[in-house]
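Chain residues, written in single-letter form:
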Amino acid sequence: DQQVKQNSPSLSVQEGRISILNCDYTNSMFDYFLWYKKYPAEGPTFLISISSIKDKNEDGRFTVFLNKSAKHLSLHIVPSQPGDSAVYFCAASAATGANSKLTFGKGITLSVRP
Amino acid sequence: AAGVIQSPRHLIKEKRETATLKCYPIPRHDTVYWYQQGPGQDPQFLISFYEKMQSDKGSIPDRFSAQQFSDYHSELNMSSLELGDSALYFCASSSRQGYTDTQYFGPGTRLTVL
């Protein structure tokens, strides 16, 4: 059972426009959410995170929104750049206590066209 | 800034052989996680250590074992290798300070079992 879902396997956007990557989760125990960017044959690179006590976190061109009632989060990249082309993983953890393993979604391949 | 180091980066083994993967966490990080990513799959949690003690266990086969040493580096030992063990193995480290701990990933070890 996939507890973190990224239902769109790919997204293509024009350079300079906004990229919106969506993620849904089913486990109500999750309270910390992260986005990672991954290139082939490399490890995931941490981008941005949000805890369940917030509904928005912003870092430069990246903003993550969390809607707890809908169990949905999204990553906005504005403006999108060709260097943003990669696979983006949404991940979640129940950060309180000792058990903070990450549960990942299947990933979304973002292509930014020049 | 120092990152997570994994060695070797690539490893080729025959069926039924043994493999040892090493992970050196970011300095002052006290927690290490191991993940396995099969082809076209999302990373799956294997096992984690906090202050040299096993803190959580995921879908890790009995043929695999791991430990964290006094210098905080960790080793994943894999015996009786099977073709299905071919995957990318990621190590991540974090520092459990405050409410949440963000995991930072190494570049991975690509294991190929022939």
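Residues numbered from 1 in each chain as written. Chains lettered and ligands numbered in written order. Predicted model: local features only at pLDDT ≥ 70, side-chain atom pairs only at ≥ 80, totals over all residues. Heavy atoms only, no water.

Caption draft 1: Region of interest: the overall build of chain B. Scanning chain B from terminus to terminus reveals 0 helices and 11 strands. Listing the helices and strands of chain B from first to last along the sequence gives β-β-β-β-β-β-β-β-β-β-β. Whereas a compact globule of 114 residues would reach a radius of gyration of roughly 13 Å, chain B reaches 13 Å, a difference of no more than 12%. Counting over 114 residues, chain B shows a buried share of 46%. The long-range fraction of contacts in chain B, counting pairs at least 24 apart against all pairs at least 6 apart in sequence, stands at 53%. Averaging the positions of the 11 positive and the 12 negative side-chain charges in chain B gives two centres separated by 4 Å. (Helix = DSSP H or I, 4+ residues; strand = E, 2+ residues; numbered from the N terminus. Rg over C-alpha atoms; globule rule 2.2 N^0.38 Å. Buried < 20%, exposed > 50% of the residue type's maximum accessible area, 1.4 Å probe, protein only. Contact = heavy atoms within 4.5 Å. Lys, Arg positive; Asp, Glu negative; His and termini not counted. Charge placed at Lys NZ, Arg CZ, Asp CG, Glu CD.)

Caption draft 2: Spatial organisation of a nonpolar patch on the surface. Together, Ile18(A), Ile20(A) and Val78(A) give the surface a local cluster of nonpolar side chains, amounting to about 230 Å² of exposed area. Checked against the element boundaries, Val78(A) lands in the loop between β8 (72-77) and β9 (86-93). (Patch = residues over 30% accessible without salt bridge, like charges linked within 9 Å, V, L, I, M, F, W, Y side chains within 5 Å. Areas by Shrake-Rupley, 256 points an atom, 1.4 Å probe, with all protein chains shown as cover. Salt bridge = Lys/Arg side-chain N within 4 Å of Asp/Glu carboxyl O.)

Caption draft 3: Focus on the nonpolar core. Core analysis: the biggest nonpolar cluster contains 24 residues, and Phe33(A), Trp35(A), Leu73(A), Leu75(A) and Tyr88(A) have the highest contact counts within it. Elements represented by at least two residues in this core include exactly β3 (19-25), β4 (32-38), β5 (45-51), β7 (62-67), β8, β9 and β11 (108-113) of chain A. Among the elements that line this core, the one with the most residues is β9(A), at 4 residues. Ranked by size, the runner-up nonpolar core spans 22 residues in total, among them Ala19(B), Cys23(B), Tyr89(B) and Val113(B). (Core = buried A, V, L, I, M, F, W, Y, C linked by side-chain atoms within 4.5 Å.)

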